Structures are given as C-alpha cells and as structure tokens.
Amino acid sequence: MPSVPSSSPDPTGGIRLPVSAPDAEGEVVELCRDLLRFESVNRGNGDGHERPIAEYVAAKLAEVGIEPTILESEPGRTSVVARIEGTDPSRAPLLIHGHLDVVPADASQWRVSPFSGEEVDGCLWGRGAVDMKDMDAMTLAVVRDLARSGRKPPRDLVVAFLADEEAGGVLGARWLVEHHPDLFADCTEAIGEVGGFSYTVSDDLRLYLIETAEKGLGWMKLTASGRAGHGSMISEDNAVTALCEAVARLGRHEFPLVLTPTVRVFLNELGEALGVEFDLDDLQATVSKLGPVARMIGATLRNTVNPTQLQAGEKVNVIPGEATAYVDGRYLPGQEEEFVRQLDEILGPDIRREWVVHDDAVETGFDGALVEAMGASLRAEDPIARAVPYMLSGGTDAKSFSRLGIRCFGFSPLLLPADLDFSGMFHGVDERVPVESLRFGVRVLDRFLRAC
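Quick caveat: nothing in here was measured; it's all calculated off a predicted structure.

Analysis parameters
Residues numbered from 1 in each chain as written. Predicted model: local features only at pLDDT ≥ 70, side-chain atom pairs only at ≥ 80, totals over all residues. Heavy atoms only, no water. Pairing = 2+ DSSP bridges. Helix = DSSP H or I, 4+ residues; strand = E, 2+ residues; numbered from the N terminus. Axes fitted to C-alpha atoms, helices over the stretch in contact; angles between N-to-C directions. Contact = heavy atoms within 4.5 Å. Patch = residues over 30% accessible without salt bridge, like charges linked within 9 Å, V, L, I, M, F, W, Y side chains within 5 Å. Areas by Shrake-Rupley, 256 points an atom, 1.4 Å probe, with all protein chains shown as cover. Salt bridge = Lys/Arg side-chain N within 4 Å of Asp/Glu carboxyl O. Lys, Arg positive; Asp, Glu negative; His and termini not counted. Charge placed at Lys NZ, Arg CZ, Asp CG, Glu CD. Buried < 20%, exposed > 50% of the residue type's maximum accessible area, 1.4 Å probe, protein only. Core = buried A, V, L, I, M, F, W, Y, C linked by side-chain atoms within 4.5 Å. Phe/Tyr/Trp six-rings, centres within 6.5 Å; stacked < 30°, edge-to-face > 60°. Lys NZ or Arg CZ within 6 Å of the ring centre and 35° of its normal. Parallel < 35°, antiparallel > 145°, perpendicular 65-115°, else oblique. Left-handed = near helix turned anticlockwise from the far one by under 90°. Nonpolar A, V, L, I, M, F, W, Y, C, P; charged D, E, K, R; others polar. 1 Å grid on protein atoms, 1.4 Å probe; cavity = no way out; pocket = protein on both sides within 12 Å on 5 of 7 lines; lining within 4 Å. Points joined across faces, edges and corners; volume = space filled by probe spheres on them.

Draft legend 1. Inspection of the sheet that holds strand β10 (residues 216-225) at higher detail. Pairing within the open sheet is antiparallel, and its four strands lie in the order β12-β14-β10-β15. The open sheet is flanked by β12 (304-312) and β15 (351-359), the only strands paired with a single partner. Across the sheet, the axes of successive neighbouring strands diverge by a mean angle of 20 degrees, strand direction being ignored. Taken strand by strand, helix α5 (residues 239-252) contacts β10, β12, β14 (322-331) and β15, and its axis lies near 15 degrees from that of β14. Those strands touched by helix α9 (residues 336-347) are β10, β12, β14 and β15, and its axis lies near 150 degrees from that of β15.

Draft legend 2. Highlighting a negative patch on the surface. Residues E277, D279, D281 and D282 make up a contiguous surface patch of negative charge. Classification of D281 as exposed rests on a relative accessible area of 75%.

Draft legend 3. Molecular detail of the nonpolar core. Counting 92 residues, the largest nonpolar core has F197 and F448 as its most contacted members. Residue contacts for F197: discarding those within four places in its chain leaves L207, Y208, L209, V293, M296, Y390, S412, L414, L416 and F422. If you look at the next biggest cluster of nonpolar residues, it comprises 19 residues, including A246, V247, L250 and A323.

Draft legend 4. Just the packing of aromatic side chains, in detail. Across all of its chains, the model carries nine aromatic pairs by this definition. Both rings, one in Y208 and one in F440, keep their centres 6.1 Å apart while their planes meet at 20 degrees; by these two values the pair is stacked. Highlighted residues: Y208 in strand β9 (residues 205-214) and F440 in helix α13 (residues 435-451), separated in sequence by 232 residues. Each member of the pair, Y208 as well as F440, is classed as buried. Ring centres of F255 and F339 lie 5.9 Å apart, and the angle between their planes is 45 degrees; this geometry places the pair in the tilted category. Placement of F255 in the loop between α5 and α6 (261-274) and of F339 in helix α9 is noted, with a sequence separation of 84 residues between them. A relative accessible area of 0% means that F339 is categorised as buried. Here a set of aromatic residues connected by ring pairs shows up, and it is made of F197, Y390, F422 and F426. Residue placement shows R353 over the ring face of W355; its charged tip is 5.1 Å from the ring centre. The aromatic ring of W125 is capped on one face by R432, whose charged end is 4.7 Å from the ring centroid.

Draft legend 5. Fine view of the environment of F411. Here F411 shows up in the loop between β18 (407-410) and α12 (422-425). Judged by relative accessible area, which is 0%, F411 ranks as buried. The spatial distance from the C-alpha of F411 to the C-alpha of F197 is 7.9 Å, given a sequence separation of 214 residues. Other than its neighbours up to four places away in sequence, F411 contacts M135, I191, G192, E193, G195, G196, I210, M374, S377, L378, V444 and F448.

Draft legend 6. Representation of the pattern of salt bridges in the model. Overall, the coordinates contain 36 salt bridges when judged by the stated rule. A salt bridge links E381 to R447; its shortest N-O distance comes to 2.6 Å. With E381 in helix α10 (residues 369-381) and R447 in helix α13, this pair connects stretches of sequence that are 66 residues apart. Given a relative accessible area of 22%, E381 falls into the partly exposed group. On the accessibility criterion, R447 (34% relative accessible area) is partly exposed. Salt bridges here are not isolated pairs; linked through shared partners, they connect E27, E63, R144, D145, R148, R151, D446 and R450.

Draft legend 7. Structural view of the packing of helix α1 (residues 24-36) against helix α2 (residues 51-63). Two numbers describe how α1 lies on α2: the axes approach to 10 Å, and their chain directions differ by 155 degrees. Of the possible angle classes, the one that applies to α1 and α2 is roughly antiparallel. Two packed elements cross with a definite hand, and for α1 against α2 that hand is right-handed. Two secondary-structure elements touch here, α1 through L31, D34 and L35 and α2 through I53, Y56, V57 and K60. Residue composition of the contact of α1 with α2, grouped by class: five nonpolar, no polar and two charged.

Draft legend 8. Highlighting empty space enclosed by the protein. Summed over the entire model, instances satisfying the criterion amount to one cavity of 30 Å³ or more. Each pocket or cavity is described by its volume, and for the largest cavity that value is around 50 Å³. If you go around the largest cavity, the residues you meet are V130, M132, D134, M135, E193, V194, G195, F197, S412, L414, F422 and F426. Looking at the lining of the largest cavity, its residues break down into eight nonpolar, two polar and two charged.

Structure representation (structure tokens):
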C-alpha cells in the first residue's frame, strides 16, 4: 500500500491503523497532514507529477472497500475516480471533485517548510492547505466513514481526485471529460473548491459564500516584432519598446463595471447583512471595506488583465527582433466577445495575441434542492450561518465538468476565524488551514451528503 513520501515521517509511527479506527472528524487532520507532505507541484507546461499522491488516495479508498479507478493522461499525470453506491439508483449521482496538484512554494519565504504538514498555532501549514488538499482530506474522511459504517448516501456519489488543475486542467479534468466522459455522464450536479467558507459579519451573523459562478480564463501570449540590431544604434523599430508600451497600457487599464446576476445577488445579500446600500457609482470603494475578501470580490466586478511574464533578447548589446509577454486575463460570464474586443483595442494592431489557455466562464442559479441542503447543513453546525452565492475571480475544474451539462458549485465548507486572510492563502506564503475548520467542514459535508 502506498504511504506518505519516505522523506516525511510516517504519522502512524509505522503501525497500520485498523479499518474501523477513527471516524471522519477524527481522521481528517491526519489525512490532510499526509496529503500536504506530497510535493505534488505543478509548474505548468506539463511539468507535474501527481502519481505518488494519487496512489495514496487510491489506497485510502481501497482500504475501506471503495474501488478506485486510476487514470493517466501522460506518465505521472494521474487522477483517481471512484463511485459510491447510494440508496436510490434512479437518482442522478453527485460529483465531488478536488485536485491533487499545487503551485510551487519558495521554502525560504515560509515560516515552516511548505511540505511538512506541520501543525502550528492550531493550523496545518503547507502548500495546498486551502487549495485544495483540505477539501480532498474532508472528502476522503467522509466517504471512508460512510464505507466503514455501512451507511449509504441517498444518491450515488462520484468522487474525483484530479491532476493538473493549476495549469488549467488540460491533463486532468479536461482530459477525463474528453476521453472518459462515461465516468461522469449521468452526473447532473457537482461540488468542488472555493466555496462554503465563512465571512463573519457580526456576533449574530456569518455569511457562507457558495460559488455559483466563475470568470472565464484567458491566459495570453503577446508578441511584438521589430528590427534586430546593435544596441549602440538608434532604433525606431524596437520590439521591446513596443511590447512594454502595450503591456503597460493593458496592465493599467480599468475595464468597465459589469454586474452579473450572481454578483448582484451577492451584493444585495451583503448590503442587507451590513445594513448599507451599495453605491453603484463607487462600488469598488464600498467593496474595499469588506476586509480580507475584498480582493476576491472586487475582481468579480469587471474583466481583468494582469501582466505576469516578460521575455526578450539574449545579450545586453543586441536589440532583439522579437519580444514576448504573458498576461493573465479573466472575463465575466457573458463578456467574452466584449473582452476580446477591448483587448485588441488596447493592444493595437502591431501586437500579436495568442491564447495560451482559454476556458469558459460559468454561472448557475442559486436555487434548488442541492442549494437548500447546503444551507441546512451549514446552519445545523453554525446557527448564525446564512448561505449566499458569489462569483470566484479565478477558475476551477468546474469549467471542464460544466461542458458535460453538470451544474457546478463551489462548496468546501470551512468556519474560519474572522481575522484570517483566507483569500490571501491561495498561492500565498504561509498557506494554512485551521484544524477546527477541517473538523467543522467534515461535519457539514457529512450532513450535506446525507441530505443531498
């Protein structure tokens, strides 16, 4: 049976735990700690290796009698899918998906090693603690407990632990959707990452943000061409100058405000909770008062572009004939055509633009029995909870699964300390998740799966 990497200490001390040992709440911390110790880093451009962590997950499923299917899009780019039988085979299954890969981490900047899974100040620290090995651990803990106890959910569950989400899912969810759609074909609804987390309004109200929409993904390569030559000569056709001017225009441009249905509902709910009326003429200033979630919510008010990479030349005294830049573009649902028009207008005709990763914006309504079950499961564990919809400024594997007609939500429930900069944890230094938040999440997820 695969275990945690040999470079990390065995959390069981080398003793195999009995299958009937801890319940979900009891073992979620151990599972999350184990997952954090895998250096399942995805550097993009196909540079990743999820096989060891996928084997660990598959073994944890098999240990309690859940049969895993292991699939690889390329050597080492491994995903795990399993189905858990429910009591009513006539109902469409629910998909629960999570990714196993993480972005890189510079250990010199961290308070603790980013792959230690160390518990400090009541939190588990490590790359992936909130993005998203916490939800992977909660899912594993709950389905293992279902299998151990012999309990069946009311409908079949399909659980998917996926490769390559951090590079757009091309070798993970997208590959599975294109090559193995039968695994998910009868699923109509799904839950995944970056939703169900708390935002404390007051002593008697906590909002839990459920993701019902996410911006489209437009990673682009920009290229400027010019006349190559000697660095000492006057150059009126310099590719680096042309590119930098275009990138600066793009990076400083503020796209117009657009309120999508999800964002409008969220702002109305938030305004009611705070007892304020949002000023549509100065909405960004109002949103900035939201504290740690302001950056995440503010980015859902308009299309955005951020320059991230520049490349040109090989020698200081040689003017290159070409210069390139990479930019991270995100567009709102229903805004793709307008976004492209705006880009080309800002860049001008002399800059060549190519998609590196181009993926859909998704949006669904905040209604139905599944949404009701989310709210009820949260209130059962936190009486002052109120579930509200919101849009994620980033992207998830929901983009791939929505192509199969699956209605996707972000629901990875966490009750967070009011002062924790949750949005800053994603891809940030000292990423961590409170231990009690994991235990809370397991209780909510267990209730939800019994009611969904």
